[in-house]
Amino acid sequence: MICFLTSSPFLPDENALNPANGFAKALRASLPAAPVRAVFVASSPDEAEKNDYYAGLTRIGFEASGFSFSAFGVLDRRNADRASEVLADAGLVILAGGHVPTQNAFFADIDLKALLAGYTGVVIGISAGTMNAAETVYAQPELEGEALSPDYRRFLPGLGLTRAMVIPHFDGNLFAELDGLRIYGDVTFPDSHGRRFYLLPDGSYIRLQDGREELCGEAYAVEDGALRPLCKAGMSIRL
């Protein structure tokens, strides 16, 4: 299995893959030259129309960058009982972006971790999909009420594809607020004691292959309540 765990793989102002940090080139080298069958694993399993819409946009974005597909299916509640069949022979599995706990629950429902055991194709995580790929997922509060709720679980079991707990879409704003709290200063920094979170701006990604984890592009770490730079744009480091 080869994994690309992205914040967002797309350019900010157009529906095409971001070539920054060699992403499109590395993905092209990892996929067969012939069209592959892709499966888009939803984050909102019960919103069929929304899933079809975003899967369609994702396909268009990849095709705009020269990738081609023999099929591009969606895995959500409609075919969850046939998840193993849907994923069989897929050359590319895309873990969609969305609400992390909702997607996490769906992954658990279909036992996606077991279904991907022994998988030999390519997996791409997008935002929430990347977060849920971790062994332990850090579900940074996102929706109103989550930062204050005593019932909101910020640590969840994930797919176990990596130990890296990723926070995507980092734009340098450490003062963003949710529920009257600073999402970093009051929530994430305290949560980082004894842990490390990887903050990825869009265009950066982690590539996994044969036990090797490589961080590509600008990235930061939050660990023991402190933020520090890890990697610069256009460069890579081994995790």
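Bear in mind the structure is a predicted one, so any value in this text is a computation, not a measurement. (Residues numbered from 1 in each chain as written. Predicted model: local features only at pLDDT ≥ 70, side-chain atom pairs only at ≥ 80, totals over all residues. Heavy atoms only, no water.)

### A closer look at the sheet that holds strand E14 (residues 219-223)
Across a sheet, strands are paired by hydrogen bonds formed along the backbone, either parallel or antiparallel in direction.
Okay, so step 1: Read from one edge of the open sheet, four strands run E8-E11-E14-E15, paired in mixed fashion. At either end of the open sheet lies a strand with only one pairing partner, and these are strand E8 (165-167) and strand E15 (226-231). For this sheet, the mean inter-axis angle between neighbouring strands, taken without regard to orientation, is 30°.
Okay, so step 2: Sheet topology note: the strand E11 (residues 196-199)/E14 ladder contains four bridges and is antiparallel. Counted as the bridge partner of Tyr-198 is Ala-221 from E14.
Okay, so step 3: The strands touched by helix H7 (residues 183-191) are E8, E11, E14 and E15; relative to E11, the strand with the most contacts, the crossing angle is about 125°. (Pairing = 2+ DSSP bridges. Helix = DSSP H or I, 4+ residues; strand = E, 2+ residues; numbered from the N terminus. Axes fitted to C-alpha atoms, helices over the stretch in contact; angles between N-to-C directions. Contact = heavy atoms within 4.5 Å.)

### Thoughts on a nonpolar patch on the surface
Okay, so step 1: Residues Tyr-53, Tyr-54, Leu-57 and Ile-60 make up a contiguous nonpolar surface patch of roughly 400 Å² in combined accessible area.
Okay, so step 2: Looking at where Tyr-53 falls in the secondary structure, it is placed in helix H2 (residues 48-64). (Patch = residues over 30% accessible without salt bridge, like charges linked within 9 Å, V, L, I, M, F, W, Y side chains within 5 Å. Areas by Shrake-Rupley, 256 points an atom, 1.4 Å probe, with all protein chains shown as cover. Salt bridge = Lys/Arg side-chain N within 4 Å of Asp/Glu carboxyl O.)

### A short note on the nonpolar core
Okay, so step 1: Ranked by internal contacts, the top residues of the largest apolar core, which has 32 residues, are Val-41, Leu-75, Val-93, Leu-95, Leu-112 and Ile-206.
Okay, so step 2: Of all the elements in the fold, those that place two or more residues in this core are strand E1 (2-6), strand E2 (36-41), helix H3 (83-87), strand E4 (92-95), helix H4 (100-109), strand E12 (205-209), E14 and E15.
Okay, so step 3: Tallying contributions element by element places H3 first for this core, with three residues.
Okay, so step 4: The contacts of Leu-95, once residues within four sequence positions are left out, are Val-41, Gln-103, Phe-107, Leu-112, Val-123, Ile-124, Gly-125, Ile-126, Gly-129 and Leu-159.
Okay, so step 5: Phe-67, Phe-69, Ile-124 and Tyr-205 belong to the second-largest nonpolar core, a separate cluster that totals 25 residues. (Core = buried A, V, L, I, M, F, W, Y, C linked by side-chain atoms within 4.5 Å. Buried < 20%, exposed > 50% of the residue type's maximum accessible area, 1.4 Å probe, protein only.)

### Considering the pattern of salt bridges
Okay, so step 1: Counting across every chain of the model gives 10 salt bridges.
Okay, so step 2: Of the charged contacts in the structure, one is a salt bridge between Asp-46 and Arg-77, with a shortest N-O distance of 2.9 Å. Here the residue Asp-46 occupies a position in the loop between E2 and H2, and Arg-77 occupies one in the loop between strand E3 (69-75) and H3, the gap between them amounting to 31 residues.
Okay, so step 3: For Asp-46, a relative accessible area of 57% corresponds to the exposed category.
Okay, so step 4: In this structure, the salt-bridge partner of Asp-109 is Arg-77, at a minimum N-O distance of 3.3 Å.

### Focus: H4
Okay, so step 1: Val-100, Gln-103, Asn-104, Phe-106 and Phe-107 are the residues of H4 that are buried. Across the axial projection of H4, the buried residues extend over an arc of 165°, all falling on one side. Every exposed residue of H4 that faces more than 90 degrees away from the buried side is listed here: Ala-108 and Asp-109.
Okay, so step 2: Looking at the residues trailing H4, positive phi occurs at Asp-111, about 55°. (Arc of directions from axis to C-beta.)

### Quick word on the sheet that holds strand E13 (residues 212-216)
Okay, so step 1: Judged by pairing direction, the sheet is mixed, and its eight strands sit side by side in the order E3-E2-E4-E5-E1-E12-E13-E16 without closing on themselves. Both outer strands of the open sheet, E3 and strand E16 (236-238), are each paired with one neighbouring strand and no more. Adjacent strand axes in the sheet meet at a mean angle of 15°, parallel and antiparallel pairs treated alike.
Okay, so step 2: Relative to E3, E2 runs parallel, the two being bridged by six bridges. Along E3, the bridge assignment pairs Val-41 with Leu-75.
Okay, so step 3: Across the face of the sheet, helix H1 (residues 23-30) comes into contact with E1, strand E5 (122-126) and E12 while running at roughly 155° to E1.

### Some words on the packing of aromatic side chains
Okay, so step 1: On inspection of all chains with the given rule, the structure shows 14 aromatic pairs.
Okay, so step 2: Ring geometry for Phe-10 against Phe-62: centres 5.9 Å apart, planes inclined by 85°, an arrangement best described as edge-to-face. One end of the pair, Phe-10, is in the loop between E1 and H1; the other, Phe-62, is in helix H2, and 52 residues separate them in sequence. The pair Phe-10 / Phe-62 is uniform in exposure class, with both members buried.
Okay, so step 3: Connected via pairs of aromatic rings, a cluster forms that spans Phe-10, Phe-62, Phe-67, Phe-69 and Phe-72. (Phe/Tyr/Trp six-rings, centres within 6.5 Å; stacked < 30°, edge-to-face > 60°.)

### Section: H1
Okay, so step 1: For H1, the complete set of buried residues consists of Phe-23, Ala-24, Ala-26, Leu-27 and Ser-30. Burial along H1 is one-sided: seen end-on, the buried residues are contained in an arc of 165°. Residues of H1 that are exposed and point over 90 degrees away from its buried face: Lys-25 and Ala-29.
Okay, so step 2: Along its buried surface, H1 packs onto E1, H2, E5 and E12.

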